[in-house]
Amino acid sequence: MLTFFNGGGLRTCDGVSRRNFLRAGSLALGGLALPDLLRMKAAGAVSSEARAKSVIMIVLGGGPSHVDTYDMKPAAPAEIRGEFRPIRSKVPGMEMNELFPKQAWIADKFSVVRSATWVEPDHQRVEIFTGFPKNIRRPSFGSFVSRMTPDHDLALPKFVSLNGDNPEIADAEQPLYVGGRHRAFTPADRGLKSLEVTKQVDLSRLKSRKDLLDTLDTLRRESDATGEMGAADAFSSQALDMLTSGRARKAFDLSDEKPDVLSRYSATGSRFQYYRGPAHWDWEAFVRARRLVEAGVTFVSLQVGTWDHHCDANSGSIFEGYRTMLPLYDACISALITDLHERGLEKDVCIVVWGEFGRTPRINQFGGRDHWPGAGTVLFSGGGLKMGQVVGATSTGGEYPTTRAYNPQNILSTLYHVLGIDPSATIPDHNGRPQYVLDDRDPVVELI
């Protein structure tokens with residue numbers, strides 16, 4: 001059995017484990033476990049005309065410091081500007097951390113929004129995956145995407161979460177009233193194992209089992225009062241398509257990737273010392289995300305690293321941690337952007353990179369930075385958006401936007417624009433009341 005780790009055993013200050021894993025193995029029941037997984041999704045789809053585009057959302061969980069990455073303040077006092085210095089990039093006026101040389105070289109291929117704001121001050125993912133704070137529960141972005149894009153290819157899921165067994169993210173990515181059928185496919189444990197056919201059960205036996213299930217489901221359908229049998233039928237069919245085509249399973253397999261391509265992502269290593277303890281940086285998740293959208297998956301989400309740098313007497317400063325983390329991130333994000341361009345996918349795939357907030361501009365007494373929803377940065381690349389620009393600005397100390405502030409709903413509205421989804425569409429909630437996809441439907445206008 002192979003095990004791939006994403007985030008190691010790291011914890012943010014709320015004590016939630018960031019240990020995510022993918023396990024690849026054999027399927028004991030010859031494919032019948034996959035419908036069990038898919039059957040958790042329980043509502044019908046509503047298709048709309050949409051362009052064949054995809055989105056990769058990369059979450060820097062814990063909240064990265066905007067002042068130490070893309071919105072540096074070299075003229076500010078030392079307790080704000082920190083230890084790093086900015087470097088120029090290929091785009092005039094776009095400066096970034098000196099540990100981002102690879103991104104600086106390809107800065108014309110992405111844009112940075114410096115005037116992002118959030119509501120939630122605590123660790124959660126609900127706001128970035130739904131656009132709404134946690135006291136206003138709405139379905140996740142990925143579930144809306146799954147429901148509102150056409151079913152072009154049942155051999156592939158439309159919504160894949162590479163976030164392993166992280167319970168916090170699983171909660172944030174819930175489909176709610178969009179319907180259980182539009183739950184994320186999560187290739188952790190049973191999910192990935194279910195994508196291959198065993199030697200004990202060949203395709204002809206799968207077909208026989210499918211015929212038997214069809215017969216049994218037809219007999220039970222009339223007694224179904226909840227409407228979930230229809231979803232079960234759909235998922236049994238999708239399970240068979242995914243198993244027989246092998247395309248979904250192949251998308252997770254890196255064995256046919258060229259070594260020179262993989263070396264771009266892994267050049268700086270796959271392990272680092274974080275807070276003087278061992279941790280894992282899953283560069284392979286970036287490659288899998290690219291392979292999934294290249295295969296035709298519409299939305300892929302992943303979280304990498306733990307960016308919760310309050311620091312204490314035993315952990316070292318935020319700058320100590322960043323001297324290891326930032327080069328790893330620089331290698332992976334620049335490799336992903338370059339990879340998509342070389343494959344001619346830069347117009348079809350949009351990358352968005354953000355966390356659940358920024359960090360306090362002023363360094364605390366322990367050499368760290370605390371939670372700061374008042375300002376932060378979001379990186380966009382591709383998807384037909386306008387690249388090579390800085391959008392917005394913050395105050396001289398990085399405390400708040402001095403230009404138009406963009407909230408998570410505006411960020412997600414921009415992604416809906418890329419995918420051709422109307423955020424003013426409505427879907428009835430559990431009480432039958434129509435709910436808009438988003439309430440604040442303005443995108444980041446400078447990118448459109």
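This structure is a prediction, so every number in the text was calculated from the model and none was measured. (Residues numbered from 1 in each chain as written. Predicted model: local features only at pLDDT ≥ 70, side-chain atom pairs only at ≥ 80, totals over all residues. Heavy atoms only, no water.)

Notes on the packing of aromatic side chains
Our working definition: Stacked, tilted and edge-to-face are the three classes assigned to paired rings of Phe, Tyr and Trp, where Trp is represented by its six-membered ring and a pair needs centres within 6.5 Å; plane angles under 30 degrees give stacked, over 60 edge-to-face, the rest tilted. A run of DSSP states H or I qualifies as a helix once it reaches four residues; a run of E qualifies as a strand once it reaches two. Both are numbered from the N-terminal end. Exposure classes here rest on a 1.4 Å probe applied to the protein chains alone. A residue is buried below 20% of its type maximum, exposed above 50%, and partly exposed in between. A ring is scored as having a charge over it whenever the NZ atom of a lysine or the CZ atom of an arginine sits within 6 Å of its centre and within 35 degrees of its normal.
By the definition in use, this model includes eight aromatic pairs. Residues Phe 84 and Phe 319 carry aromatic rings whose centres are separated by 5.6 Å and whose planes lie at 70 degrees to one another, so their mutual orientation is edge-to-face. With a gap of 235 residues between them, Phe 84 in the loop between α2 (78–81) and β4 (86–88) and Phe 319 in helix α13 (residues 318–342) connect regions that are remote in the sequence. The class for Phe 319 is buried, based on a relative accessible area of 3%. Through a chain of ring-to-ring contacts, three or more aromatic side chains come together here, namely Tyr 70, Phe 100, Trp 307, Tyr 322 and Tyr 329. Over the face of the ring belonging to Trp 105 we find Lys 90, whose NZ or CZ atom lies 5.6 Å from the ring centre. When the ring centre of Tyr 436 is taken as reference, the NZ or CZ atom of Arg 441 above it lies at 4.4 Å.

A few points about the sheet that holds strand β7 (residues 159–161)
What links the strands of a sheet is backbone hydrogen bonding, and the strands pair in either a parallel or an antiparallel sense. Put simply, the rule reads: Here a strand pair is declared whenever DSSP counts at least two bridges between the two strands. Every residue pair with non-hydrogen atoms within 4.5 Å of one another is taken to be in contact. Only the contacting stretch of a helix is used when fitting its axis, a line to C-alpha atoms as for every element, and angles between N-to-C directions run 0 to 180 degrees.
Taken in spatial order, the seven strands of this open sheet run β7-β10-β3-β11-β14-β6-β15, and their pairing is mixed. Looking along the sheet, the strands with just one partner apiece sit at the ends: β7 and β15 (390–391). Note that strand β11 (residues 349–354) and strand β14 (residues 376–382) share four bridges and pair antiparallel. By the bridge assignment, Ile 351 is partnered in β14 with Ser 381. Each of β3 (54–59), β11 and β14 is contacted by α13, which is oriented at about 165 degrees to β11, the strand it contacts most.

What about helix α14 (residues 408–419)?
Rules: What a helix is expected to span follows from its residue count: subtract one and scale by 1.5 Å. Pairs of N or O atoms are called polar contacts if they sit within 3.5 Å, as long as, within protein, a hydrogen donor faces a hydrogen acceptor (for residues adjacent in sequence, only side-chain-to-side-chain pairs).
Compared with an ideal rise of 1.5 Å per residue, which puts 12 residues at 16 Å, α14 spans 17 Å between its outermost C-alpha atoms and is within 8% of the ideal. The complete set of buried residues in α14 reads Pro 408, Gln 409, Asn 410, Ile 411, Leu 412, Ser 413, Thr 414, Leu 415, Tyr 416, Val 418 and Leu 419. Looking at the buried side of α14, the elements it contacts are β3, α4 (126–130), α5 (141–148), β11 and β14. The N-terminus of α14 is capped by Asn 407, whose side-chain oxygen sits 2.9 Å from the backbone nitrogen of Gln 409. Just downstream of α14, Gly 420 is the residue with a positive phi angle, here 75 degrees.

Quick look at the pattern of salt bridges
Quick note on the threshold: By definition here, a salt bridge exists when the distance from a side-chain nitrogen of Lys or Arg to a carboxyl oxygen of Asp or Glu is within 4 Å.
Under the definition given, this model contains 25 salt bridges. One salt bridge connects Glu 79 with Arg 362, and the closest N-O pair in it is separated by 3.3 Å. Highlighted residues: Glu 79 in helix α2 and Arg 362 in the loop between β12 (358–359) and β13 (371–372), separated in sequence by 283 residues. Residue Glu 342 is joined to Arg 264 by a salt bridge in which the shortest nitrogen-to-oxygen separation is 2.9 Å. Residue Glu 342 is located in helix α13, and its partner Arg 264 is located in helix α11 (residues 259–266); the two are separated by 78 residues in the primary sequence. Residues joined in a network through salt bridges with shared partners are Lys 250, Asp 256, Glu 257, Arg 290, Arg 291, Glu 294, Asp 339 and Arg 343.

Re α13
Here is the rule we go by: The reported bend at a residue is simply the angle between two axes, fitted to the 7 residues ending at it and to the 7 residues beginning with it.
Relative to the 36 Å expected for 25 residues at 1.5 Å per residue, α13 spans 35 Å between its end C-alpha atoms, a close match to the ideal helical length. In α13, a bend of some 30 degrees at Thr 324 exceeds every other bend along the element, and Pro 327, a proline, comes one to four places later. The element α13 is largely enclosed, with a buried count of 18 among its 25 residues. Looking one or two residues beyond α13, the residue adopting positive phi is Gly 344, at roughly 70 degrees.

Section: the environment of Asp 440
Locating Asp 440 in the fold gives a position in the segment after β17 (434–436). Spatially, the C-alpha atoms of Asp 440 and Ser 413 are 8.2 Å apart, while their sequence positions differ by 27 residues. Only 3.1 Å separates the side chain of Asp 440 from the side chain of Asn 410, close enough to count as a polar contact.

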